[in-house]
Amino acid sequence: MDALMGFDPRRVAKFAGLGALLLFLCWQHVQATRIGYRVETTRREARALRSRVADLRLKVDETMAPAALAARANTKLGMIPATPDSLRSLSGAAESGGLLPRLWARLPLVGPSRS
Amino acid sequence: MDLGLRLTVAAALTLSPLLPLGARLAYLQVLRHDNLSTRASGEFARTAKEAAPRADLQDRHGRVLARSNPSWSCFVDKAMVKDPNAFGAKLSPLLGLPASEIARKTRAAHRFAWLKTGMTHGEFTQLAEARVEGLGLVPAQERVYPNGDLARGVLGLVGAEGNGLAGIEMSQNKRLNGRARRMDVIRDGQGRSIYKNVADAGDEPEPLRLTLDRTAQYLAEEALREGGEKGQFKEGIVAIQDPRNGEILAMAAWPPNPLRNPLVQDAFEPGSTFKVVTALAAVDDRVVRPDELFSGEGGKWQLTPGVTITDHEPEGDMNLTQIMERSSNIGVAKVVERVGATRFYRLARAFGFGAKTGAPLPGESAGELKPLSDLTKVGLAASSYGYGLAVSPLQMLGAYSAIANGGTLWEPKFFADGEPPVKVRRVASERAVREISLMLEGVVDRGTAASAKIPGYRAAGKTGTARKIDPLTRKYSTSAYTASFAGFLPASAPRWTILVILHEPKGAYYGGLVAAPIFARLGSRLLALEGVPSDRPAAPTLTARR
């Protein structure tokens, strides 16, 4: 009877396998598309973040620019440019690590701020 | 009719409508496959291109001088805009531009026109979400200079298309420009992108590190700015070179102009700073004895009938050291007679005058040195004190560096690329160069450059004051001068060669009075910055602590 109806278990298994393969390929395609959307979204986010990082880097660079530093040092901290004779080399004394050399190293060499 | 035949007929009747469909499918899939596939790709597949990166420019310590930031630009496609006024009104709040201006740009466009460049990511997102028909958005790179105008004459500038238009940006354009990354994407029905694959990974070039020192550059510009802003001179130039290897540490010009670098592109009549060439020629070939005296002729000497050389002060007898210290034109003209045109010309060429230095900057000037055949008695005398010839500031800086380092002329080095410096040639014997260095120290200690002195340090250099040619009369002006000072410090072991040139100073115009103080100020700042120990301990004095 089975043979009459063409219901061969091996043939059924083959069709089932083929069907499963087709389903897998469809699923894979859907997944690839979904991941493709996600990659695009992530790429946009990465671009936005890169842009933000670049803005922040620029701000840091602008803040550290010599002209900006000099202006802040002068107006906020009252610092003045050093001349060679106002510098005192403390390399030997400071490195020795004693109390007196360290205190000497902390002595102010310029006057109070001129703000 | 048997069952099999009936089934066959039924199947044939059922399937017969599918036959033309199958034929059509075969036609589309087989015969027209390539054509249709290309059309489909054109409609759905896209290549997303990111903006081409451009390498950073850094100073010798890796501090950023120029950087490219991602930005966006938007444009209008006029063919897709029905009503420019409505288009302008819709975009105005998003772009922050007047609606009338947007409408005007749209109307004036042939088909395409930029509406705004250098937009932030926030602006881009807003515009992308607004989905305005006729508006296009493209990623770009905005070139930013975080230190403002610092070193802009050297760095140059970049145009809207991302190509260098001047300075290093222009000369190194190929090296700085990268290749944009490209990705294949598919557009869905709603126009959203679906990533497919990377078509081209692109190429992001490494930062280009210059030999410039950001701090030294700032100090050089600051030294010029004060006088420039007060109108004390028309144009000013300050350059610093490391005489030990030819590295250019700073190139400052006033007024700042990113399109022009006068240190490389201009040439000037140097005046007395050129006397070192004459003096070195005399000392190197031992044509003048150290104790030999030359008459100063009381400040006026008739060289040939109709040609009289004058000094700014009447002088008596002088040896070569005194001639240099007092910057006597008469003295040096007498020395050059002894040296001769050939020796003088040969040494001037050896210093690199009259030839390009090979600086990697656009528009370098070679200066002008008269050919040997034109060095007549008058021409030779004038050349001996720096008239009748033109040199570029870069050449003069290199020449003084050669004196500072004991006689080696280096090719000016602009890139900190790890390559060894290029030695051009030895210009004179070490003995002769040392003698000249001592004479230049005398110029600062006892001569015309007293205001170049830096307490506690030995400095050497030469002042220069030259009349400028009046462009109207084509004769030497009686009111416009070029004041200069070229020197190096600390003289015991030179680390910096500094050149200061001031065009058309107002009031005092002698190089020793206007240019030398800038050298001293800049030199003392550099010495303090680097913590260079004193090479001339001062006599003990009482000083009050401020």
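The rules behind each value
Residues numbered from 1 in each chain as written. Chains lettered and ligands numbered in written order. Predicted model: local features only at pLDDT ≥ 70, side-chain atom pairs only at ≥ 80, totals over all residues. Helix = DSSP H or I, 4+ residues; strand = E, 2+ residues; numbered from the N terminus. Rg over C-alpha atoms; globule rule 2.2 N^0.38 Å. Buried ≥ 20, exposed ≤ 12 C-beta atoms within 10 Å, placed from the backbone. Contact = placed C-beta atoms within 7 Å. Axes fitted to C-alpha atoms, helices over the stretch in contact; angles between N-to-C directions. Parallel < 35°, antiparallel > 145°, perpendicular 65-115°, else oblique. Left-handed = near helix turned anticlockwise from the far one by under 90°. Pairing = 2+ DSSP bridges. pLDDT = per-residue confidence, 0-100. Nonpolar A, V, L, I, M, F, W, Y, C, P; charged D, E, K, R; others polar.

**Observations regarding the overall build of chain B**
Inference 1: When you go through chain B residue by residue, the secondary structure sums to 20 helices and 21 strands.
Inference 2: In summary, chain B has a C-alpha radius of gyration of 35 Å against a globular reference of 24 Å for 546 residues, an excess of more than 25%.
Inference 3: Considered along the principal axes of its C-alpha atoms, chain B spans approximately 145 × 55 × 50 Å.
Inference 4: Per-residue burial over chain B gives 46% buried out of 546 residues.
Inference 5: Intrachain contacts of chain B at a sequence separation of at least 6 include 69% that bridge at least 24 residues.

**Some points on the packing of helix α14 (residues 329-339) of chain B against helix α16 (residues 377-384) of chain B**
Residues and elements named next belong to chain B.
Inference 1: One way to put it is that α14 packs onto α16 with a least axis distance of 8 Å and a crossing angle of 125°. Classified by the interaxial angle, the pair formed by α14 and α16 is oblique. Judged by the sense of rotation from one axis to the other, the crossing of α14 with α16 is right-handed. When α14 is examined against α16, the residues V332, A333 and V336 are found in contact with a partner set consisting of L380, A381 and S384.

**Section: the sheet that holds strand β8 (residues 182-187) of chain B**
Inference 1: Reading across the sheet, the three strands line up as β1-β8-β9 (chain B) and stay open at both edges, with antiparallel pairing between neighbours. The outermost strands of the open sheet, each flanked by one partner alone, are β1 (45-49) and β9 (193-200) of chain B. Each neighbouring strand pair of the sheet contributes to a mean axis angle of 30°, computed without reference to strand direction.
Inference 2: Two elements, β8 of chain B and β9 of chain B, share six bridges in a ladder whose sense is antiparallel. Considered in β9 of chain B, the bridge of V185 of chain B is made with Y195 of chain B.
Inference 3: On top of the sheet, helix α2 (residues 9-64) of chain A reaches β8 and β9 of chain B; it is set at about 75° to β9 of chain B, its chief contact.

**Regarding the confidence of the model for chain B**
Any residue range with low pLDDT should be treated as having predicted coordinates unsuitable for detailed reading.
Inference 1: Confidence in the prediction of chain B, expressed as mean pLDDT, is 90, and 98% of residues score 70 or more.
Inference 2: Both scores are given for the predicted complex: the pTM is 0.82, the ipTM 0.73.

**A word on the interface of chain A and chain B**
Inference 1: Taken residue by residue, the interface counts 26 residues in chain A and 30 residues in chain B.
Inference 2: Listed by contribution, the elements that provide at least two residues to the side of chain A that touches chain B are α2 and α3 (66-75) of chain A.
Inference 3: The element contributing the most residues to the side of chain A that touches chain B is α2 of chain A, with 14 residues.
Inference 4: Class assignment of the residues belonging to the side of chain A that touches chain B gives a composition of 13 nonpolar, six polar and seven charged.

**Some words on the sheet that holds strand β12 (residues 247-254) of chain B**
Residue and element names in this part refer to chain B.
Inference 1: Reading across the sheet, the five strands line up as β12-β11-β21-β20-β19 and stay open at both edges, with antiparallel pairing between neighbours. Two strands in the sheet have a free side with no partner beyond their single neighbour: β12 and β19 (460-469). Between one strand and the next, the sheet's axes are offset by a mean angle of 10°, whatever the strand orientation.
Inference 2: The pairing of β19 with strand β20 (residues 476-489) spans nine bridges and is antiparallel.

**Looking at helix α12 (residues 275-284) of chain B**
All names here are of chain B.
Inference 1: Summarising burial for α12: ten of the ten residues are buried, a large majority.
Inference 2: Every buried residue of α12 is accounted for by K275, V276, V277, T278, A279, L280, A281, A282, V283 and D284.
Inference 3: The first or second residue beyond α12 is R286, which carries a positive phi of 50°.

**Overview of α16 of chain B**
All names here are of chain B.
Inference 1: All buried positions along α16 are accounted for by L380, A381, A382, S383 and S384.
Inference 2: Tucked into the core, α16 has its buried residues touching α12, β14 (300-304), β15 (307-310), α14 and α15 (341-350).
Inference 3: G386 lies just past α16 and shows a positive phi near 80°.

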